[in-house]
There are 8 protein chains.
Amino acid sequence: MTSDHQLDLGRRGRLGMVEAIWGEHKSADQLARIISTLHGQGELALATRVNAEKAAATLSQLEGSGSVEVRYDAQAYCLHTAVLPAPDPALGTVTIVSGGSSDLCVAREAQLALQCHRISSELVLDVGVAGLHRLLDRLEQLRGASVLIACAGMEGALPTVLAGLLPQPIIGVPVSVGYGVSAGGQAALSGMLASCAPGLSVVNIDNGYGAAMAALRILNSGLNSGAGVEGP
Amino acid sequence: MTSDHQLDLGRRGRLGMVEAIWGEHKSADQLARIISTLHGQGELALATRVNAEKAAATLSQLEGSGSVEVRYDAQAYCLHTAVLPAPDPALGTVTIVSGGSSDLCVAREAQLALQCHRISSELVLDVGVAGLHRLLDRLEQLRGASVLIACAGMEGALPTVLAGLLPQPIIGVPVSVGYGVSAGGQAALSGMLASCAPGLSVVNIDNGYGAAMAALRILNSGLNSGAGVEGP
Amino acid sequence: MTSDHQLDLGRRGRLGMVEAIWGEHKSADQLARIISTLHGQGELALATRVNAEKAAATLSQLEGSGSVEVRYDAQAYCLHTAVLPAPDPALGTVTIVSGGSSDLCVAREAQLALQCHRISSELVLDVGVAGLHRLLDRLEQLRGASVLIACAGMEGALPTVLAGLLPQPIIGVPVSVGYGVSAGGQAALSGMLASCAPGLSVVNIDNGYGAAMAALRILNSGLNSGAGVEGP
Amino acid sequence: MTSDHQLDLGRRGRLGMVEAIWGEHKSADQLARIISTLHGQGELALATRVNAEKAAATLSQLEGSGSVEVRYDAQAYCLHTAVLPAPDPALGTVTIVSGGSSDLCVAREAQLALQCHRISSELVLDVGVAGLHRLLDRLEQLRGASVLIACAGMEGALPTVLAGLLPQPIIGVPVSVGYGVSAGGQAALSGMLASCAPGLSVVNIDNGYGAAMAALRILNSGLNSGAGVEGP
Amino acid sequence: MTSDHQLDLGRRGRLGMVEAIWGEHKSADQLARIISTLHGQGELALATRVNAEKAAATLSQLEGSGSVEVRYDAQAYCLHTAVLPAPDPALGTVTIVSGGSSDLCVAREAQLALQCHRISSELVLDVGVAGLHRLLDRLEQLRGASVLIACAGMEGALPTVLAGLLPQPIIGVPVSVGYGVSAGGQAALSGMLASCAPGLSVVNIDNGYGAAMAALRILNSGLNSGAGVEGP
Amino acid sequence: MTSDHQLDLGRRGRLGMVEAIWGEHKSADQLARIISTLHGQGELALATRVNAEKAAATLSQLEGSGSVEVRYDAQAYCLHTAVLPAPDPALGTVTIVSGGSSDLCVAREAQLALQCHRISSELVLDVGVAGLHRLLDRLEQLRGASVLIACAGMEGALPTVLAGLLPQPIIGVPVSVGYGVSAGGQAALSGMLASCAPGLSVVNIDNGYGAAMAALRILNSGLNSGAGVEGP
Amino acid sequence: MTSDHQLDLGRRGRLGMVEAIWGEHKSADQLARIISTLHGQGELALATRVNAEKAAATLSQLEGSGSVEVRYDAQAYCLHTAVLPAPDPALGTVTIVSGGSSDLCVAREAQLALQCHRISSELVLDVGVAGLHRLLDRLEQLRGASVLIACAGMEGALPTVLAGLLPQPIIGVPVSVGYGVSAGGQAALSGMLASCAPGLSVVNIDNGYGAAMAALRILNSGLNSGAGVEGP
Amino acid sequence: MTSDHQLDLGRRGRLGMVEAIWGEHKSADQLARIISTLHGQGELALATRVNAEKAAATLSQLEGSGSVEVRYDAQAYCLHTAVLPAPDPALGTVTIVSGGSSDLCVAREAQLALQCHRISSELVLDVGVAGLHRLLDRLEQLRGASVLIACAGMEGALPTVLAGLLPQPIIGVPVSVGYGVSAGGQAALSGMLASCAPGLSVVNIDNGYGAAMAALRILNSGLNSGAGVEGP
């Protein structure tokens, strides 16, 4: 039938990545069907941007199906295979930093996506630049990470300040909190792209999953000399 | 005749401010005529946004006229009455901070406008947030200012970091240096307005004169309890 | 645990300001927990942008906790410690002017934020420039303020007209009322930034709290010669 | 040949208007040919947005042609038939008000376009709202006009203030002077459209000719009860 | 008390216009109170942008108050004094043209606002330019109007085509129907401002009331030679 | 060497199209080298967006090279192989319509690109919708075309009106003439995309070449039942 | 009565197209009345952008009316005459390609609109460019289509890749799925217009109906040599 | 003196990076002085965005100064210390891919910045997605790189296609070539941020230097386990 979802099951082999399901415009029906298909083929499932109501409907549809167990992470707005693989510290660690507690959902989405690929991570929240000492106090801790992901809304200055202080790869994630000129995350996005700090790269607004995948590409490349990644 | 420039000569009495002449869309002819009129009435003249070529043409027109002497400040792109009043430290001091040396013209415009009103100021340049230590090293010096003016292009994070560290009134001036998303100063402007630091206020892109006048209003209000300012 | 809210409790010492809680993207749970923490440390609490429903939920969570009493200001959309410190007229007064009665919530947010810092203020509403006489009739009253905060939506011309008439520091707050080109407050913001009146500075759209903090910085600087503010 | 300019010579009969030639994207060659054609048919010629250099080239091409004489108005950036019809006060008068002397070229374009249709007009310049008294002093003079055209750049508040004070038809013309957020006239345009004053209508940025034609439609409708305008 | 609505009751005397109440951001409480005040002073009341639910709440509050009767016009989204003054054809007529039936609410708002000022009007709907013959068939009827108001969403070409065919004053009203690039009415607004037809003037998106007031200014000016309008 | 231009010489086989050279960001050196390479392989050369000065430099570089002759079309701003293939009427005809004579360069670019593929075309200029009769008078002529290309700047209403009157495929090309809101062609682009006329499709602003290629795809598909186009 | 919907019933004769009803801003009442009118005149009815709730209300109003049967297509968000004419393969086929399963509603709207005109079509879903092999695997199938319609949200690269591989007419439809910079479909729209692939033309965001009508114009022109289309 | 350029000489120690000089808004005087200072301290100098004329002026100022030799790279628009350190393949390689030959200057800026840090790189130009085979033919070569930098203007689809095919870290650089909606690089930027391919990260428009520094951070992190980078 023409309208079936055609999964990109070769993605793990090609890119070393699980294909995440973008849940925002899908119905509970569609989500349940896709998750079942993935589980039937022995794949992990990760569906992002699923609100609580749609998650409940999806879970109740999946319940009777005898499928592998699925869990809803209400902080990350994600549905995922309940049992995720154990993190392997040898793959490197990612530290996810955020400017305010309103950025939590994006930071958690990134963390969950990393976990699906066995990458261990830690969250360092509420270290916005309006109280610089909170950030400077954590600097030694941040220095230990293989890759930094920095989430920030409002003016989005956190990744700029970090990238001026630390030498690691750093991925900025603009977050759509704010109001007036910062509503929707556009000011944070522009601020990160316009950054005077060298070597900061950026993903789309609220794209925690994308930042995690950019970090994964970096970690994999370090392990494998960049040629022939095998996936987690 | 209807098309004559009608000067707002009451501005000094009403607001305690000299009326600056916005030079960008005026011809050398118009500038020379307005400066002569002001000098004829015993007023200072300050014309902003005058490029070197137009300045030369204006100066050569003014030369034969026997008028008070006029000078061109090539860093500030301003023409002004050559002899400005001596600064009076009792009126307070303003420190003008900038992120990069490309912001110099805006910072200098602010400084010159303050000087026209007898306010002393100092410039602290090249303290952008990508090298945070440069800013932190100057913190004690900045703490002594009555009012801070912070000029920044690119992502414009400097005023945000400052406003999180220091308690004074702070006026952000976005600067139109940059490229891509920061071309024209829009990213810096949005970043300053969206700032997570409390109590930062902002003027138009490149508006060094406006920031100086906002500082002047503050200094005057401190001296006079806010009621009945008499002007410099 | 990583995801706890990390309060910036040093802000009062550093900047002389209470840290306001931005309520828009926080849950009633998060709000109740933060307010309790602040009260436990003897701090005032002020949470902005809390709608009536979330306020009720937060209040009912706080009720049983034996905490200091909290009140909801439905005009300002703010939750705050019920008993605020008495205003001290020696600190100066702020007059908050608005163009239309739809701007009331922003004006009230500013007033409440000032009250948390013992600053007395008065509201002058409905003096929009379409009926200029209403504004001109109040001019003598406005002349008495230490600082003016001018809130306006639509075309946002009120602060421009005021800044041409009065010499005090004046902070413009664009308000997100309007439709078509003025929807979201962008036209008012641009109008204030582009103002032909000298020395008007601006904060983000709807940022009543930010305007209050900018006014507080000015008032504190007048009292303390700008060096070493101690907080209210 | 296909690429000839096809003049809309019926416009005078249909709309009571001369067809103006928009000179900005036309060469001196094209302008000279169109002006000759119009003169050959006994029509007036008015070409707008012609810079001084292109005007000179056009005039020198026309010189040898034995055509009716053409004049360049350097303030209005317009070429026009040298001898324009005498104004007829019975048709009503238009007063063209502007906020700053940088708006002069737009105001003059409007005036010239009115003159081509025998409408008398006067210019009232430099009555910007930052010095409100300059405007209030001219109020009685403005009260006598049949239609008001108000040109303003920057924040564009002038037409709003006027429309709150006077009952006549008023047409706002945003002007592309300004910098930062007002560069290009967009802030002035938004401000006029968002105006809180009732019944202000607006034309495109810098469209002095369009404002004149809107005024002409109004004047003609008053004379002829709106049905069957015959043209000047 | 400071937060009372301060009505601009002098508007009728000054401008010959009733002050309309912009209902979008006001509560039923506020609306009921303002309407009562107006009726108490013998004024008409017209509140625009009131949805059905808020209208019902306002009406039920007004019911017991013994005030003059109020009516809700569900097509125009307006509350108004039930008995409006009889139209006086001697004042001229306005024809309101619209491109699609989705523009009806804006057209009706304009019609109601005219009726409050005793101006008779007629609606000509569904004459969009995609079926040009529908418009051409009505041309003779449109030729009889004193003033034309043309409402259009999508690409907003209707006023342009009309202004090329008819000589009357014509006011374009962009309407916020459409999707994609025309969502919110911005494409229609730009199209009308950019129009190649001479003398079309424009009001804000969805501003039916504003277009009516612009028409009223025109009609009044025709009657009174533009000086000293007395109001309907 | 790595930085050589890598021509897509398979394009003719794959798509039935000559690869045009986009000349705007290329130097005369680069243009001369690419044109020589194409001629050396027996291909036509067409370079778009080449200004007169760069064209002269390119031609003088090519002169001594013994290459096939090249010609500059100053109306289309294009360099092209001097001898183009003869048009074949059996392939269908394209009529290129434009609203104003300022659109000529875009219309000519389209015509030249069609000629390179042996498609005959005609230009119908100056039939803008402000003088609707000019368009209606040509309707029968337009009815004969296989495909219509409609170029328009300003508000861009011409393709909308055409698409409501005629059944053929019609491709709108927004043109970057205009000022204020129509500067750069954005208003015309939005107007065409938002069009209320069904089945109008659009290409990028000023993209005459793209419109020609879209027309070519249509003509080829008619001849070959859409499968296996062989190129002109 | 003035406010009746005035159907463009001549559209089929003039353009060979059924007039679709744009359902988004119409009430169930209006929809039911228009559908009845069309059925009464022997016309097909197709109403686009009707959500499930409004569809149910419309259907229940139509039920008792004895009208021709109407059906709701929940995937396409369309109401339509239940019995559509049988597809005629001789008219050509359209293949509708989409990048993700979230684009389904737009693709289905296009398919339904084609079906109303007897055009057969097929859907090829989920062939986004992030997994290029999925697209390359279907290339031979796509080569058989007369016209291609390519729907894509996010970055909208699908039509660009297709247009570089296949010679047919190809119409891009940007889809409003996505978040951050791609929210609302603007990034996809810009990407398609800016495409480096030659001859791709584009319709408004989400305009499946418009793409279908553009395809219909192409198919009809192939059959009839572009002159005198008779409709399906 | 206050206006001296304050170099961030600690950057190499802190971040392992040479501080590049952004040449766009600096005069030849300023550039010569900064380059001399850097050379005096034994540092490399790299000045980006220097046009040919300013480069010549800078070089002639430096000539007599006895400083280390400086060279101008006209493809990269960069001035740099003539003798750069030899590349060290053990640090990894970067492949810089570009869509069209107009992107060359950005690609070369990246390459030069890498060379300053001893990173070897290669350029793969003209592999735009409109001729997909050109890209697919180079896939094996690209698979060998440690990090990919992909430069593209127009619709910017190249990095998306690459990121769907290859597992390495990939940094997208939007390029400001294009016209209409792609002018200035905004369409390419949005396209890359909105990409449906996972893990693509992006830098500012034309920011070749920034992409190089992001690549350097990645290469350094692979060598040093992310903690304690020592610089090249």
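Basis of the calculations
Residues numbered from 1 in each chain as written. Chains lettered and ligands numbered in written order. Predicted model: local features only at pLDDT ≥ 70, side-chain atom pairs only at ≥ 80, totals over all residues. Heavy atoms only, no water. Least-squares fit on C-alpha atoms with pLDDT ≥ 70 in both. Contact = heavy atoms within 4.5 Å. Buried area = accessible area lost by both parts, 1.4 Å probe. Salt bridge = Lys/Arg side-chain N within 4 Å of Asp/Glu carboxyl O. Polar contact = N/O pair within 3.5 Å; in protein donor to acceptor, adjacent residues only side chain to side chain. Helix = DSSP H or I, 4+ residues; strand = E, 2+ residues; numbered from the N terminus. Nonpolar A, V, L, I, M, F, W, Y, C, P; charged D, E, K, R; others polar. Pairing = 2+ DSSP bridges. Axes fitted to C-alpha atoms, helices over the stretch in contact; angles between N-to-C directions. Phe/Tyr/Trp six-rings, centres within 6.5 Å; stacked < 30°, edge-to-face > 60°. Lys NZ or Arg CZ within 6 Å of the ring centre and 35° of its normal. pLDDT = per-residue confidence, 0-100. Domains from an automatic or database assignment. Buried < 20%, exposed > 50% of the residue type's maximum accessible area, 1.4 Å probe, protein only. Parallel < 35°, antiparallel > 145°, perpendicular 65-115°, else oblique. Left-handed = near helix turned anticlockwise from the far one by under 90°.

Participant: Which residues make up the relation of the copies chain D and chain B, and what values go with them?
Facilitator: For the pair chain D and chain B, the superposition axis carries a translation of 0.0 Å, the fit reaches an RMSD of 0.0 Å, and the rotation angle comes to 90 degrees. Such a turn and shift between the copies fits a four-fold axis. For chain D, the residue whose C-alpha comes nearest the rotation axis is D:Gly184, separated from it by 8.6 Å.

Participant: So what's going on with the interface of chain B and chain C? Which residues, and what values?
Facilitator: Across the contact, 37 residues belong to chain B and 36 residues belong to chain C. Roughly 2900 Å² is buried in total at the junction of chain B and chain C, and carbon and sulfur atoms are behind 57% of that figure. Among the residues of chain B in contact with chain C, B:Pro167, B:Leu193 and B:Arg217 are the three that bury the most area, contributing 24% of the side total. At the surface where chain B touches chain C, the tally comes to zero salt bridges. On the surface where chain B and chain C come into contact, there are twelve residue pairs in polar contact (both at pLDDT 80 or more). In terms of residue count, helix α9 (residues 208-224) of chain B provides more of the side of chain B that touches chain C than any other element does, eight residues in total. The class makeup of the residues in the side of chain B that touches chain C is 23 nonpolar, ten polar and four charged.

Participant: How would you summarise the sheet that holds strand β4 (residues 78-81) of chain G if you had to cite specific residues and measurements?
Facilitator: Residue and element names in this part refer to chain G. The strand order β1-β2-β4-β3 describes an open sheet built from four strands, whose pairing is mixed. Both edges of this open sheet fall to β1 (21-22) and β3 (70-73), since each of them pairs with a single strand only. Summarising the sheet, β3 and β4 pair through four bridges and their orientation is antiparallel. By the bridge assignment for β4, arginine 71 is matched with histidine 80. Sheet contacts for helix α3 (residues 52-63): β3 and β4; angle to β3, the most-contacted strand, approximately 170 degrees. On the sheet, helix α4 (residues 104-116) packs against β2 (46-48), β3 and β4 and is oriented at approximately 165 degrees with respect to β2.

Participant: I'd like to hear about the packing of aromatic side chains, residue by residue, with values.
Facilitator: The way to describe two aromatic rings as a pair is by their centre distance and the angle between their planes. Inspection of the entire model under this criterion finds eight aromatic pairs over all chains. Here A:Trp22 and G:Tyr179 contribute two aromatic rings whose centre-to-centre distance is 5.8 Å and whose plane-to-plane angle is 35 degrees, an arrangement assigned as tilted. Of this pair, A:Trp22 sits in strand β1 (residues 21-22) while G:Tyr179 sits in the loop between β8 (170-174) and α8 (186-193), on two different chains. Against the face of A:Tyr179 rests C:Arg49, its NZ or CZ located 3.9 Å from the ring centre.

Participant: Go over the confidence of the model for chain A with me, naming the residues and quoting the values.
Facilitator: Residue and element names in this part refer to chain A. Of the residues in chain A, 91% reach a pLDDT of 70 or more, and the chain-wide mean stands at 89. A low-confidence stretch, residues 224-232 stays under pLDDT 50, and its non-local contacts, those more than four residues away or across chains, total 14 contacts. The complex prediction reports pTM at 0.93, with the ipTM value standing at 0.91.

Participant: Lay out the domain arrangement of chain A with the relevant residues and their values.
Facilitator: Residue and element names in this part refer to chain A. As assigned here, chain A comprises domain 1 (11-81) and domain 2 (89-222). One C-alpha centre belongs to domain 1, the other to domain 2, and the line joining them spans 25 Å. On the side of domain 2, 15 residues touch domain 1, which itself brings 16 residues to the contact. Both sides of the domain 1 and domain 2 interface together cover about 1300 Å² of buried area, and 63% of this is carbon and sulfur. Taken together, the links from domain 1 to domain 2 amount to one salt bridge. In this structure, arginine 108 and aspartate 73 form a salt bridge, with 2.3 Å as the shortest nitrogen-oxygen distance. Put simply, domain 1 and domain 2 have four residue pairs in polar contact (both at pLDDT 80 or more) between them. Counting residues per element, the ones that place at least two in the side of domain 1 that touches domain 2 are α1 (11-15), β2 (46-48) and β4 (78-81). For the side of domain 1 that touches domain 2, the residue count by class is nine nonpolar, four polar and three charged.

Participant: Residues and numbers for the interface of chain D and chain B, please.
Facilitator: Across the boundary between the two partners, chain D contributes 21 residues, which contact 19 residues of chain B. Both sides together, the interface formed by chain D and chain B hides about 1600 Å², and carbon and sulfur atoms give 49% of it. Joining chain D to chain B, the criterion identifies zero salt bridges. In this structure, the connection of chain D to chain B is made through five residue pairs in polar contact (both at pLDDT 80 or more).

Participant: Quick one: what's the story with the environment of C:Ser146, residue by residue and with numbers?
Facilitator: Residue and element names in this part refer to chain C. On the secondary structure map, serine 146 appears in the loop between α6 (139-143) and β7 (147-152). Relative accessible area serves as the criterion here: at 11%, serine 146 is assigned to the buried category. Residues serine 146 and alanine 32 lie 114 residues apart in sequence; the distance between their C-alpha atoms is 36 Å.

Participant: Provide a residue-level description of the sheet that holds strand β1 (residues 21-22) of chain C, including the pertinent values.
Facilitator: Taken in spatial order, the four strands make up an open sheet running β1-β2-β4-β3 (chain C), and their pairing is mixed. Only two strands of the sheet have a single neighbouring strand rather than two, namely β1 and β3 (70-73) of chain C.

Participant: Residues and numbers for the packing of helix α2 (residues 28-40) of chain G against α3(G), please.
Facilitator: Residues and elements named next belong to chain G. Across the interface, α2 lies against α3 with an axial gap of 9 Å and an inter-helix angle of 50 degrees. In terms of orientation, α2 and α3 fall into the oblique class. Here α2 runs over α3; the crossing is right-handed. For the pair formed by α2 and α3, the contact residues are Ala28, Asp29, Leu31, Ala32, Ile35 and Ser36 on the first element and Lys54, Ala57, Thr58, Gln61 and Leu62 on the second. Of the residues in the contact of α2 with α3, the class split is six nonpolar, three polar and two charged.

Participant: So, the environment of B:Cys196: which residues are in play, and what are the values?
Facilitator: In this fold, B:Cys196 is placed in the loop between α8 (186-193) and β9 (200-202). Residue B:Cys196 is classed as partly exposed on the basis of its relative accessible area, which comes to 28%. Measuring from C-alpha to C-alpha, the distance between B:Cys196 and B:Thr160 comes to 7.1 Å, with 36 residues separating the pair along the chain. Not counting residues up to four positions away in its chain, the partners in contact with B:Cys196 are A:Val129, A:Ala130, A:Met154, A:Glu155, B:Thr160 and C:Arg11.

Participant: Please set out the side chain of B:Thr81 residue by residue, giving values where relevant.
Facilitator: All names here are of chain B. Within the element layout of this structure, threonine 81 appears in strand β4 (residues 78-81). Among the polar contacts made by the side chain of threonine 81, one reaches the side chain of histidine 39 at a distance of 2.9 Å. A polar contact of 2.7 Å, which involves the side chain of threonine 81, links it to the backbone nitrogen of alanine 45. Contacts of threonine 81, omitting those with residues within four sequence positions, involve His39, Leu44, Ala45, Val68 and Glu69.

Participant: Outline the relation of the copies chain B and chain C, listing residues and values.
Facilitator: Mapping chain B onto chain C calls for a rotation angle of 180 degrees and an axial translation of 0.0 Å; the resulting RMSD is 0.0 Å. Read as a symmetry element, the transformation amounts to a two-fold axis. Within chain B, B:Gly222 has its C-alpha nearest the rotation axis, a separation of 2.2 Å. Most of the interface of chain B is mirrored in chain C, where 97% of its interface residues again form contacts.

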